[in-house]
Amino acid sequence: PAFVLPLILGVLEAFLPQGGSNMTPINSYNDLSSDGNSLATNRLPLQKKEDDQIDAEVHSTQASHQTFAKIVRRLCDKGGVSLSLAALSSKCPNMRKVAVSVLGLFQQAFHTSEAHNLTSWRERPQLAMVVDSVQRGLSVRRGLQMARVLGETNG
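Here the structure is a predicted model, which is why all the values come from computation and not from measurement.

Engineer: Would you mind going over the overall build of the chain in detail, with residue names and values included?
Structural biologist: Within the chain, the secondary structure is distributed over six helices and zero strands. Traced from its N-terminal end to its C-terminal end, the chain shows the element sequence α-α-α-α-α-α. For the chain, with 155 residues in total, the buried portion stands at 28%. Here the contacts in the chain between residues at least 6 apart in sequence split such that 67% fall between residues at least 24 apart.

What follows is the structure, given as structure tokens:
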């Protein structure tokens, strides 16, 4: 059914982390100062409040990235990638556009550290390889189309 793929796209966009999935949060509390004490204990009270806010944002970002990876895994287990790949051969150009968007979000999720850390997701490397191959194929085809259009306008 044609309505399922836009629903998958909506779910992926709803759970997509705001900072982008390639953002790696850095937590400076594990760093040590030159005398061996934790830097967090050497901070002034106002700095500590600001650092606590930053730390809460980092944990929130990490949680949203983990949730996104888990949602993507569940969608893949239910056939989301298969449906998206099949939709690429649809006669409807809008359906093909939605399929490309969904596959792009799947690809983005496959390459996050959170997805790599899901040790029970054994299929992820194979799924990533298939989606990466499709993406390269689409890129080459688009490049050939653009070269043909540029050749027609210049020639």
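Engineer: How would you sum up helix α1 (residues 4–15)? Please name residues and give values.
Structural biologist: For α1, built from 12 residues, the straight-helix expectation of 16 Å at 1.5 Å per residue is met to within 8% by its first-to-last C-alpha distance of 17 Å. Among the residues of α1, those classed as buried are L5, I8, L9 and L12. Looking straight down α1, one finds that the buried residues subtend no more than 100° of arc, so they occupy a single side. More than 90 degrees from the buried face of α1, the exposed residues found are L7 and A14.

Engineer: Which residues make up the side chain of D132, and what are the values?
Structural biologist: Tracing the sequence through the fold places D132 in helix α6 (residues 124–154). Although buried, D132 forms no salt bridge, and the nearest oppositely charged side chain, R136, lies 4.9 Å from it. If near-sequence neighbours (up to four positions away) are discounted, D132 is found in contact with Q107 and H111.

Engineer: Please set out the nonpolar core residue by residue, giving values where relevant.
Structural biologist: Ranked by size, the top nonpolar core spans 26 residues in total, and within it L5, L12, V72, V102, F106 and F110 carry the most contacts. At the level of secondary structure, the elements contributing two or more residues to this core comprise α1, α2 (45–77), α3 (80–87), α4 (93–110) and α6. Of all the elements, α4 adds the most residues to this core, at nine residues. In this structure F106 touches I8, L12, V72, L75, C76, G80, V81 and S84, once residues within four positions along its chain are discounted.

Engineer: Requested: an account of the side chain of R124, with residues and values cited.
Structural biologist: Among the structural elements, R124 can be located in helix α6. Of the buried charged residues, R124 lacks a salt bridge, with D132 as the closest side chain of opposite charge at 7.9 Å.

Engineer: Talk me through the environment of H65; I want residue IDs and the actual numbers.
Structural biologist: As for its placement among the helices and strands, H65 is situated in helix α2. Spatially, the C-alpha atoms of H65 and S113 are 8.9 Å apart, while their sequence positions differ by 48 residues.

Engineer: An account of α6 is needed here, citing residue identities and associated values.
Structural biologist: Relative to the 45 Å expected for 31 residues at 1.5 Å per residue, α6 spans 44 Å between its end C-alpha atoms, a close match to the ideal helical length. Regarding α6, the residues found buried are R124, A128, V131 and D132. Summarising the contacts, the buried residues of α6 are in contact with α3, α4 and α5 (113–117).

Engineer: Describe in detail the packing of α3 against α4, supporting the description with residues and values.
Structural biologist: When two helices pack together, their arrangement is given by the angle between the helix axes and the distance between those axes. Relative to each other, α3 and α4 sit at 140°, their axes nearing to 8 Å. α4 is crossed by α3, and the crossing has left-handed handedness. Residues G80, V81, S84, L85 and A87 of α3 lie in contact with α4, whose contacting residues are M95, R96, A99, V102, L103, F106 and F110. Grouping the constituent residues of the contact of α3 with α4 by class yields nine nonpolar, two polar and one charged.

Engineer: Now, about the packing of α4 against α6: what can you tell me, with residues and values included?
Structural biologist: Two numbers describe how α4 lies on α6: the axes approach to 10 Å, and their chain directions differ by 135°. On the basis of their axis angle, the class for α4 and α6 is oblique. The two elements α4 and α6 meet at a crossing, and its hand is left-handed. Contacts from V100, L103, Q107 and F110 in α4 reach R124, L127, A128, V131, D132, V134, Q135 and L138 in α6. Residues of the contact of α4 with α6, tallied by class, amount to eight nonpolar, two polar and two charged.

Each value, and the rule that gives it
- Each chain has its residues counted from 1, following the order in which its sequence is written.
- Selection of residues for local features in this predicted model requires a pLDDT of at least 70, selection of side-chain atom pairs for listing and counting requires 80 or more, and totals for whole chains, interfaces and linings are taken over all residues.
- As a rule here, side-chain values cover all heavy atoms of the structure and leave hydrogens and water aside.
- Here a helix means four or more residues in a row that DSSP labels H or I, a strand means two or more in a row labelled E, and each is numbered from the N terminus.
- Relative accessibility thresholds used throughout: buried, under 20% of the residue-type maximum; exposed, over 50%; partly exposed, between the two (1.4 Å probe, protein chains only).
- We call two residues contacting when some pair of their heavy atoms lies within 4.5 Å.
- A helix is expected to span 1.5 Å multiplied by its residue count minus one.
- Read the arc as the range of directions from the helix axis to the C-beta atoms.
- As used throughout, the charge tally considers Lys and Arg to be positive and Asp and Glu to be negative, leaving His and the chain termini uncounted.
- When a carboxyl oxygen of Asp or Glu lies within 4 Å of a side-chain nitrogen of Lys or Arg, that pair is called a salt bridge.
- What we call a nonpolar core is a set of buried Ala, Val, Leu, Ile, Met, Phe, Trp, Tyr and Cys residues that are connected through their side-chain atoms within 4.5 Å.
- In this description, a line fitted to the C-alpha atoms serves as the axis of each element, helices being fitted only across the stretch in contact, and the angle between N-to-C directions of two axes falls anywhere from 0 to 180 degrees.
- By definition, any crossing whose near helix is turned counterclockwise from its far helix by less than a right angle is left-handed, and any crossing with a clockwise turn is right-handed.
- When residue character is reported, Ala, Val, Leu, Ile, Met, Phe, Trp, Tyr, Cys and Pro are called nonpolar, Asp, Glu, Lys and Arg charged, and the others, Gly included, polar.
- The labels follow the angle: roughly parallel below 35 degrees, roughly antiparallel above 145, roughly perpendicular from 65 to 115, and oblique for the rest.

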